Amino acid sequence: MQNPMLVEKAMLEYTELLFRIAYYYLKDKQLSEDIVQEVFIKFYCSNYQEHGELKAYLSKMTANTCKDYLKSWSYKKILIQNKLFLKETTIHKDSLVETDELTTLDSAILSLPLKQREAIVYYYLENLTIKEVSQMVNSPESTVKSRLKSGKELLKKKLVHEDWEVLLHE
Amino acid sequence: MSNYRLNPLKNIDVNRNRIIEKTRNRMKQMEAKPQRNFRRPAFITILACFLCIIIASPYLEHTFQGNTNHFSIKKVVIPNVPYDSLIKSFYIDTSSELIYSTEQGIYSFNLEKNESKQLIDTREVGRVLELAASSKWLIWASPENNKQVIHILNRQTHELKMAENQYFNGLYLYRDTLIYMGIDQGKPSYYTIALDTLKENVLHEINGESSNSQPSIDKNLIVIPETLTTNHKSETVVYVYDLNLHKQIGSYTFPYKIAENILLKKDTVFAYLWNGKETGAVGGIDMNTGKLTILKQPAAANAYATDGTHFALSAADEESDTVQLFMKKKEKLTLLSSFPSIKERLVKPRFTSEGTLLLNGEGKDSAMYIIRFDD
């Protein structure tokens, strides 16, 4: 088990970042909170030894936990319920409510396919380098570059009548 | 860091504080967990074992021999494959191969040759999430033009076909027929595809609220679960279809709000049953009599798998859990083996349709264990 002081320090430092990462995958604040809690508890119970940057370690763990969740049967069940039984269900309401609040660019980013979305978000919104993104998503740098390119193409199509200056700089 | 933030993420102090507070509470609870006093139970256990040995010594040799001869364990290590790929792998008895997928592709690991072979390169689409295979077919779903497409590869002729339809999720194989869930104009149904002709038919229209389990196939039968609520009471109904006749042949009700991991084996529909608060239990409905039996089990189980006779339960092991093997005798599960030769934690038990048990180990080598039972 980790020293609670180390976990406390990590929480104060990285909760915001990990929450954002989780949200980019799950598009749901409540689920993202749960996932980040799980990540800190896993970290607390782990035998992690300082062999790299803690920030990268926790970020990757968050991304992997989110991906596992997206693949899980319970996620698909929620998806089915949300698609089919929207009137009857009240769970995960906040993501639905917030859809109205999203700007056009937000909606466009969040509607990208997962691979392109994570590349765009890490590179443009979190300002990670190509190398750091490739480590985060376990893919070669060339793959990340091609996902960034195809992600930008998709965004261009979605934002054909909008200003997308934020994505113009490399 | 970029100044741009998605709108919902501009003010997340509340979320941040809630995460920190809840995590602190959970850590405190974990620290405050009372230490068990092992001395008294340990003494009683040793005494009981000693008495058992004295009483049962004439029979011990026979019993142990029976147990060790009952099944064989094969350890398989596939180097350089991530654990999250292995945990989703499955075994095909007829071709002695493990099928798994990574970010790079779909692979077959042949147990006789001890080598991996890439069947499909999926680097363009990333890891495929849904996959089904037999020695004849390899089927996967992946996105094409923002739509999920079912890819069908005949492994014998190498012919690749694509089915563009209303696919939503799930791929289940029965001989030359594929079953999946599709949504057509907002209406979810289970469909069948004849893999040789790509002819599709609706098998079952979903009318319930949701389901806590995937369908299960045994021989020519498939069971499809749905949760239904009447008068504020939720139950799980399983519909049974004959895949040869393409016809519903019955339905059975589990009077439980939640029926997870439904498995059809030897004319019995098994499920992990609970109502959301209490500890759950494994039960089965005999399709010949319609009777539901809750199996008496020695320990709380977090996961289970069965071939109808043997049960692999993820049973509590001090503060964690590991898979142990049980045998169903009438309405009770009795311990057959706790796999003493395997030192690491075992997880994710699953049986093939031929009755082979597959387990994942959580050791450094991420080994997998294939357990075959004597006839």
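Residues numbered from 1 in each chain as written. Chains lettered and ligands numbered in written order. Predicted model: local features only at pLDDT ≥ 70, side-chain atom pairs only at ≥ 80, totals over all residues.

Colleague: Mind laying out the overall build of chain B, listing which residues take part and the relevant values?
Modeller: Looking only at helices and strands, chain B has 3 helices and 28 strands in total. The buried share of chain B, reckoned over its 375 residues, is 31%. Within chain B, contacts between residues separated by at least 24 positions form 33% of all contacts whose residues are at least 6 apart in sequence. (Helix = DSSP H or I, 4+ residues; strand = E, 2+ residues; numbered from the N terminus. Buried ≥ 20, exposed ≤ 12 C-beta atoms within 10 Å, placed from the backbone. Contact = placed C-beta atoms within 7 Å.)

Colleague: An account of the overall build of chain A is needed here, citing residue identities and associated values.
Modeller: Scanning chain A for helices and strands turns up 9 helices and 0 strands. Taken from the N to the C terminus, the helices and strands of chain A come in the order α-α-α-α-α-α-α-α-α. The proportion of buried residues among the 170 residues of chain A is 33%. Expressed as a percentage of contacts within chain A between residues at least 6 apart in sequence, the contacts between residues at least 24 apart total 63%.

Colleague: So what's going on with the sheet that holds strand β5 (residues 115–121) of chain B? Which residues, and what values?
Modeller: Residues and elements named next belong to chain B. Within the open sheet, the 4 strands sit side by side as β2-β3-β4-β5. Their pairing is antiparallel. Edge strands, defined here as strands with exactly one partner in the open sheet, are β2 (90–92) and β5. Pairs of neighbouring strands in the sheet enclose a mean axial angle of 25°, with direction left out of account. (Pairing = 2+ DSSP bridges. Axes fitted to C-alpha atoms, helices over the stretch in contact; angles between N-to-C directions.)

Colleague: Report on the confidence of the model for chain A, specifying residues and quantitative values.
Modeller: Residues and elements named next belong to chain A. Within chain A, residue pLDDT values average 76, and 72% of them lie at 70 or more. Here helix α5 (residues 93–99) stands out as the least confident element of chain A, with mean pLDDT 43; helix α1 (residues 4–26) is the most confident, with 90. The low-confidence segment residues 86–101, where pLDDT is below 50, has 15 contacts with residues more than four positions distant or belonging to other chains. Contacts from residues 164–170, a stretch scored under 50 in pLDDT, to residues over four places away or in other chains number 9 contacts. (pLDDT = per-residue confidence, 0-100.)

Colleague: I'd like a rundown of helix α9 (residues 141–158) of chain A, residues and numbers included.
Modeller: Residue and element names in this part refer to chain A. Taking 1.5 Å per residue as the helical rise, α9 with its 18 residues ought to reach 26 Å, and the 25 Å between its terminal C-alpha atoms agrees with that figure. Val 144, Arg 147, Leu 148, Gly 151 and Leu 155 are the residues of α9 that are buried. One side of α9 carries all its buried residues, which in axial view fall inside an arc of 105°. More than 90 degrees from the buried face of α9, the exposed residues found are Ser 142, Lys 149, Glu 153 and Lys 157. In this structure, the buried side of α9 is in contact with α6 (104–110), α7 (114–125) and α8 (130–137). (Expected span 1.5 Å × (residues − 1). Arc of directions from axis to C-beta.)

Colleague: Outline unusual backbone geometry, listing residues and values.
Modeller: Residues and elements named next belong to chain B. For Lys 330, which is not glycine, the phi torsion reads 55° and is therefore positive. Looking at where Lys 330 falls in the secondary structure, it is placed in the loop between β24 (320–329) and β25 (332–337). Its identity is not glycine, yet Lys 348 carries a phi of approximately 50°, on the positive side. Mapped onto the fold, Lys 348 is located in strand β26 (residues 346–351). For Lys 348, a count of 19 C-beta atoms within 10 Å corresponds to the partly exposed category.

Colleague: Could you give me a rundown of the pairing of β5(B), with the residues and numbers involved?
Modeller: Residues and elements named next belong to chain B. Within β5, only 0 of the 7 residues are buried, leaving the element largely exposed. As defined by bridge partners, strand β4 (residues 105–110) adjoins β5 across 6 bridges and the pair is classed as antiparallel. Bridging from a neighbouring strand, Phe 109 pairs with Ser 116 of β5. Where β4 folds back on β5, the antiparallel hairpin that results is connected by 4 residues, among which Asn 114 adopts a positive phi of roughly 60°.

Colleague: Give a description of the environment of Glu354(B) that names residues and reports values.
Modeller: By the secondary structure assignment, Glu354(B) is in the loop between β26 and β27 (357–361). By C-beta crowding, Glu354(B) is classed as exposed, having 11 other C-beta atoms within 10 Å.

Colleague: Kindly report on the environment of Gln248(B), identifying the contributing residues and their values.
Modeller: Residue and element names in this part refer to chain B. Considering the arrangement of structural elements, one finds Gln 248 in strand β17 (residues 247–254). C-beta crowding within 10 Å serves as the criterion here: with 13 such atoms nearby, Gln 248 is assigned to the partly exposed category. Expressed as a C-alpha distance, the spacing of Gln 248 and Leu 203, which sit 45 residues apart in the sequence, is 8.5 Å. Those residues in contact with Gln 248 that sit more than four places away from it in its chain are Tyr 239, Val 240 and Tyr 241.

Colleague: Would you mind going over the sheet that holds strand β14 (residues 216–218) of chain B in detail, with residue names and values included?
Modeller: Across a sheet, paired strands are connected by hydrogen bonds in the backbone, their directions being either parallel or antiparallel. Residue and element names in this part refer to chain B. Taken in spatial order, the 4 strands line up as β14-β15-β16-β17 in an open sheet, and their pairing is antiparallel. Looking along the sheet, the strands with just one partner apiece sit at the ends: β14 and β17. Between one strand and the next, the sheet's axes are offset by a mean angle of 30°, whatever the strand orientation. Bridge analysis of strand β16 (residues 233–242) against β17 gives 7 bridges, and the strand direction is antiparallel. Across the sheet, the residue bridging to Val 240 is Gly 250, located in β17.

Colleague: Pulling in residues and values, what's your account of α7(A)?
Modeller: Spanning 12 residues, α7(A) covers 15 Å between terminal C-alpha atoms, matching the ideal 16 Å at 1.5 Å per step. Along α7(A), 9 of the 12 residues are buried, which leaves the element largely enclosed by surrounding structure.

Colleague: Give me the lowdown on the pairing of β27(B), citing residues and values where you can.
Modeller: All names here are of chain B. Of all 5 residues making up β27, 5 are buried, and the element is well covered by its neighbours. Pairing analysis gives 4 bridges linking β26 to β27, with the strands arranged antiparallel. When the bridges of β27 are listed, Phe 351 appears paired with Leu 357. Taken together, β26 and the strand that follows it, β27, pair antiparallel across an intervening segment of 5 residues, in which Gly 355 is found at a positive phi of about 95°. Both β27 and strand β28 (residues 368–373) contribute to a ladder of 4 bridges, which runs antiparallel. Within the sheet, the bridge partner assigned to Leu 359 lies in β28 and is Tyr 369.

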